[in-house]
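Single-letter residue listing:
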Amino acid sequence: MPVQAQQVQDANVRVFNFGMAAQPMTEALLAYSRTTGLQVASSPAALAGVQSAPIRGRMTADEALRRMTEGTPVKARIVGSTVMVERQSAQAADSATIIYEDAQPEIVVAGYRESLARAEQIKKAATGSVDVILAQDIAAFPDQNLAEALQRIPGVTISRDSGEGRQISLRGLGPDFTRTQLNGMEVLTNTSTGLDSRGTFSRTRAFDYSIFASELFNQVTVEKSYTAQQDEGGIGGTVGLRTAKPFDYDGSTVVVSAKGQFNQHTKKLTPRVVGLISGQAGDFGGLLSVAYSKADTVEFGYRNWNWSQINFRAPNVGPAIPADVRNLLVNARGADRVWNSRAQTYATWFNQRERLGVTGALQYHPDDKTDVTLDVLYGRLTNNRETYALGAAGTNNVSANDITGTQVLTGVTINKFNSITAASFTGVDMRTEARDTLDTTDFWQVALGAKHSLTDTVHADLHAGWSRSTFQSGYQQAQIEAVGKGYSFSGLDTETPRNAYDFDITDGSAWDLFQAESRDDRMVSEFFNVKGELAWDVSDSSTLKAGGGYKVFENSASQRRRVNNYDGRPGLPDVPTTVLSRPSVTPYAVADVAATMQLLGLTAPLTAANTTVGSDFELKEKSIAAFAQYNLDTSMGDVGVRANIGVRYYRTTLESLGTALVGTTLTPVSITNRYDGFLPAANLALDVTPSIVVRVSANRNLNRPALSDMRAAATINVANFGGTISAGNPNLTPFIADSVEGSFEYYDGKRGSFAVGLFYKKMKSFITTETTPVPYNTTGFPVSLLLPGQDPAILYNYTRPVNGEGASIKGVEIAAKRDFDFLPAPFDRLGMVANVTFADGTTDVVYSGTSVTLPLLDLSKVSSNATLYYDTPVWGGRASAAMRSKYRRGSGGNGNIGEYFTPTTNIDASAYVNVNENLRLTLEAVNITDQNIIQYADKDAKRLMTDTISGRTILFGATMRF
């Protein structure tokens, strides 16, 4: 939503420390700009020979400006993010308006360029490392949700699902290490993916930013440095989301925006609508905003169900296979065995996504000393997903560890890593899956914030809030089988793998009922937050703060599942089938899910008796904290000094309820764990010159263990080739990290900047996983959970979290912004903003008792963003590229060392035309190159798991402002 940023509120509410003697007005305004971050606009003649009045003490920018110019012939006022200065006498009038900010004159500009400049000044004025996106930037860029808006910030990378951004990683640390606050309160909300290899239902501390439309927020702040007054948590950093407030605007404001959205593969036009109304009545204000969108998205391509080492019986290897290869396939044991992909599948995930967000705010703001705001936010994300797959996964399949049925290998290609990259078979039972899923995430937050100056030197800041996220998902799946078929696959060592079949895969009469499944998932996350602080202005340049907080976090979830197997049963009904009409590599027959479930009498809802063992567990964390912090804002000679130093104490009590594995018996248990500690933090910023800032920070922070890691429960995934068991560990200690960082930053007025920063984090207690293959009948889980006919001694991968030896991460961030105003017109309206982050960090993962060093999860060693823009008051446009190098998503499985995603580059663009001061037309393009998402297993062999595309998306629309 193209709304103004919070400049007005900054000027009227934020309090600064001033200590300025009487001096030439030009010098005084330079010092004023450095303190407040506001730009100063005037003509050279207006300030000639004018002396400022002295100002000293803690006051708002508006009050300081009034005192500084009192009794002088200069008149000054704050307009948006700029201080307009003029001489009251007419003879000083000058038609040229010049900026005197950091002693660099330039023409005043507005729009996207001004948004970047304003965010840059907030970053410059901060003590620690902070990056900001303001409202114009978020609303105007072609970002479908908040995750995509955040990817423009240095060090931020995102994961994608069904054509949209989903979760973020910061400075090489994964989504679990980034804490999210909304209107000052910590929050958590989750959704799901349609792809099993990406985790489907995500029960983690990783915030799903796809829940929210970017239009709901007018400022996003990413705090990379930690301070004692900040809540503990988020080793990677803290993302602060701020919704709009009534007094952000000068008077009444109404904004309406409507867009149409079109994807090249779904070929359907869907709406995206935004509205905001804000008004003030004396000391009170009210605001309401609504964002609604509906989009048809799709992701489709090739998929393998991971890879495993495989053995063939002699009868399963055809006569055309050479003797040496036959010997390898039949007789090899241990590490010499050949690797084979599971099922070789074509797959499609079609999703009808609906997103609704509503914010409301009531604000009481009688004067600069008092501000009380009640914020309410509701968000709802609905995914109505259809999932389809065709693979060699029937009864006699190519998805198991051993080939022992009717399958006969007639041709094979094996690469240097002993991986089968192409093969042909006869006698294989093929299978198609059709799954209908409906999931919703409902999010509520109510937050009350109050700031009040008790005296001229004592100030109170109180916050209380509640948030609740409820995720619910249900799906029904029907599978059909075609028996004794021939097929081949090839190109598993390329980006275009393909299958071929010896029968008509679209002919419904070739397929019979195989399996029917129903599943329900539910997860609830709830926060109660109360915190407050008192600030005492010890002097004009120093402040002492003290405060504390109490927080309760509760998380509960469960999974219910019912599987009905029909393979080989006599007298099965003919299943209603249809030919897949959604985008796919090729069409094929699938079951009509609703009609099949009705035919089989499987429409009854799932009950508690269908609960999946190990999925039903609850966590409750209660945390108390207290802090003391000293802030300094002064100067030493010509060098400005901003600093804070403090310490935070925390104490957390964890209660974990579930069903744990005790010896070889599953037993309901309740486990309590307590931990506490001190977190020191210090940040220093030196304004070496009006243009150069040097920062140094050191701190200790923590990250509480992942939700699934702390469960007093175990989960089991049953599959026909063997499965996995994951157990929790409530007695884990949290991640503890000591961090140091520094940066050198150069600001060339509003026209540009350059910054280079270094960071290093040493995690003293890094949680990692231990994976060991064990016979299923030694785990204590009921044999009844296995599929019909499975051997109880079948091998399962048993995974559990353990406190490892620690890990470290180090990196470099480089960011630059430049307006090309040195070019001749019309090219002087061009500009570029770009950043690149280099990060490196490793951890040890245990495979069958052997420790292997791997990159940290979700760490891309190189990530970068670049935006080229052209900005005028009438029209403009931007093009942006976001790149991240490969990154590890998991530990792998079945002996594969790690699981990775290949590098990606996503290119987006937008353009606008301002028809008049009230109407703007926009055109946007997302994912212009239709970037593949490729996932593979094993760091060296790079065995293909998925290779999918989601298509280009075009948005066009108009925005009206009144």
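All of the points below concern the structure found in this document. (Residues numbered from 1 in each chain as written. Predicted model: local features only at pLDDT ≥ 70, side-chain atom pairs only at ≥ 80, totals over all residues. Heavy atoms only, no water.)

### Focus: the environment of Ala 335
(1) Moving on: With respect to the helices, strands and loops of the structure, Ala 335 is situated in the loop between helix H8 (323-331) and strand E18 (338-341).
(2) Moving on: A relative accessible area of 72% means that Ala 335 is categorised as exposed.
(3) Moving on: Taking the C-alpha atoms as reference points, Ala 335 and Asp 176, separated by 159 residues in sequence, lie 34 Å from one another. (Helix = DSSP H or I, 4+ residues; strand = E, 2+ residues; numbered from the N terminus. Buried < 20%, exposed > 50% of the residue type's maximum accessible area, 1.4 Å probe, protein only.)

### Notes on the pairing of strand E36 (residues 735-748)
(1) Moving on: With 12 bridges joining them, strand E33 (residues 692-703) and E36 adopt antiparallel strand pairing. Paired with Asn 701 across the two strands is Ala 737, which belongs to E36.
(2) Moving on: Sheet topology places E36 next to strand E37 (residues 752-763); 12 bridges connect them, and they run antiparallel. Paired with Ala 737 across the strands is Met 763, a residue of E37.
(3) Moving on: In this antiparallel pair of consecutive strands, E36 and E37, the connection spans 3 residues, and Gly 749 shows a positive phi of 60°. (Pairing = 2+ DSSP bridges.)

### Looking at helix H9 (residues 593-600)
(1) Moving on: Looking at H9, one finds that the buried residues are Val 593, Thr 596, Met 597 and Leu 600. Here the buried residues of H9 occupy an arc of 95° about the axis, which is enough to place them on one side. (Arc of directions from axis to C-beta.)

### With respect to H8
(1) Moving on: Every buried residue of H8 is accounted for by Val 325, Leu 329 and Val 330. An end-on view of H8 places all buried positions within 120° of arc, on one side of the element. Exposed side of H8, more than 90 degrees from the buried face: Ala 323 and Asp 324 are the residues found there.

### Points about the nonpolar core
(1) Moving on: One finds Phe 312, Phe 425, Met 430, Tyr 487 and Trp 511 to be the most contacted residues of the largest nonpolar core, which totals 49 residues.
(2) Moving on: Sorting elements by how many residues they give to this core places strand E23 (residues 420-453) first, with 6 residues.
(3) Moving on: Here Met 430 is in contact with Gly 391, Ala 392, Gly 394, Ile 480, Glu 481, Ala 482, Lys 485, Tyr 487, Tyr 501, Phe 503 and Trp 511, once residues within four sequence places are set aside.
(4) Moving on: Of all hydrophobic cores here, the second largest spans 27 residues; its members include Leu 170, Ala 213, Val 222 and Leu 241. (Core = buried A, V, L, I, M, F, W, Y, C linked by side-chain atoms within 4.5 Å. Contact = heavy atoms within 4.5 Å.)

### Some words on the sheet that holds strand E7 (residues 130-134)
(1) Moving on: A sheet is described by the order of its strands in space; here 5 strands give the open sequence E7-E12-E13-E10-E11, paired in mixed fashion. At either margin of the open sheet sits one strand with a lone partner, and together these are E7 and strand E11 (185-186).

### Describing the packing of aromatic side chains
(1) Moving on: Scanning the model with the defined rule gives 21 aromatic pairs in all.
(2) Moving on: Relative to Phe 735, the ring of Phe 177 has its centre 4.9 Å away and its plane inclined at 75°; by these criteria the two rings are edge-to-face. Here Phe 177 is found in the loop between strand E9 (164-170) and strand E10 (178-182), whereas its partner Phe 735 is found in strand E36, with 558 residues between them in sequence.
(3) Moving on: On the basis of relative accessibility, which here comes to 10%, the residue Phe 177 falls in the buried class.
(4) Moving on: The class of Phe 735 is buried, set by a relative accessible area of 7%.
(5) Moving on: Between Tyr 887 and Phe 901, the ring centres sit 5.3 Å apart and the planes meet at 20°, which makes this aromatic pair stacked. Pair noted here: Tyr 887 is in strand E45 (residues 887-890) and Phe 901 is in strand E46 (residues 899-901), with a separation of 14 residues, a long-range link.
(6) Moving on: The aromatic ring of Phe 350 is capped on one face by Arg 582, whose charged end is 3.7 Å from the ring centroid.
(7) Moving on: Over the face of the ring belonging to Tyr 900 we find Lys 886, whose NZ or CZ atom lies 5.3 Å from the ring centre. (Phe/Tyr/Trp six-rings, centres within 6.5 Å; stacked < 30°, edge-to-face > 60°. Lys NZ or Arg CZ within 6 Å of the ring centre and 35° of its normal.)

### Structural notes on the packing of helix H2 (residues 25-36) against helix H4 (residues 61-69)
(1) Moving on: Relative to each other, H2 and H4 sit at 170°, their axes nearing to 12 Å. What the angle tells us is that H2 and H4 run roughly antiparallel. Contacts between H2 and H4 involve Met 25, Ala 28, Leu 29, Tyr 32 and Thr 36 on the former and, on the latter, Ala 61, Asp 62, Ala 64, Leu 65, Met 68 and Thr 69.
(2) Moving on: Looking at the contact of H2 with H4 residue by residue, the classes come out as 8 nonpolar, 2 polar and 1 charged. (Axes fitted to C-alpha atoms, helices over the stretch in contact; angles between N-to-C directions. Parallel < 35°, antiparallel > 145°, perpendicular 65-115°, else oblique. Nonpolar A, V, L, I, M, F, W, Y, C, P; charged D, E, K, R; others polar.)

### Looking at the sheet that holds E18
What holds strands together in a sheet is hydrogen bonding between their backbones, with the strands either parallel or antiparallel.
(1) Moving on: Strand order in the open sheet formed by 3 strands is E18-E17-E21, and the pairing between neighbours is mixed. This sheet does not close on itself; its edge strands, each paired only once, are E18 and strand E21 (402-403).
(2) Moving on: Sheet topology places strand E17 (residues 307-312) next to E21; 2 bridges connect them, and they run parallel. Opposite Phe 312, over in E21, you have Ile 403 as the bridge partner.
(3) Moving on: Relative to E17, H8 is tilted by about 105°, and along the sheet it contacts E17 and E18.

### Quick word on the pairing of strand E42 (residues 850-855)
(1) Moving on: Where strand E41 (residues 830-847) and E42 come together, 6 bridges link them in antiparallel fashion. Bridge assignment links Val 846 to a residue of E42, and that residue is Ser 851.
(2) Moving on: Hairpin connection between E41 and E42: a loop of 2 residues separates the two successive antiparallel strands, and Ser 848 in this loop has a positive phi of roughly 50°.

### Some words on the environment of Ser 115
(1) Moving on: For Ser 115, the location among the structural elements is in helix H5 (residues 112-125).
(2) Moving on: Note: C-alpha distance between Ser 115 and Ile 133 (18 residues apart in sequence) is 8.1 Å.

### Some points on the side chain of Glu 186
(1) Moving on: Mapped onto the elements of the fold, Glu 186 is located in strand E11.
(2) Moving on: You can call Glu 186 buried: its relative accessible area is 14%.
(3) Moving on: Within the structure, Glu 186 has its side chain in polar contact with the side chain of Lys 551 (distance 2.6 Å). (Polar contact = N/O pair within 3.5 Å; in protein donor to acceptor, adjacent residues only side chain to side chain.)

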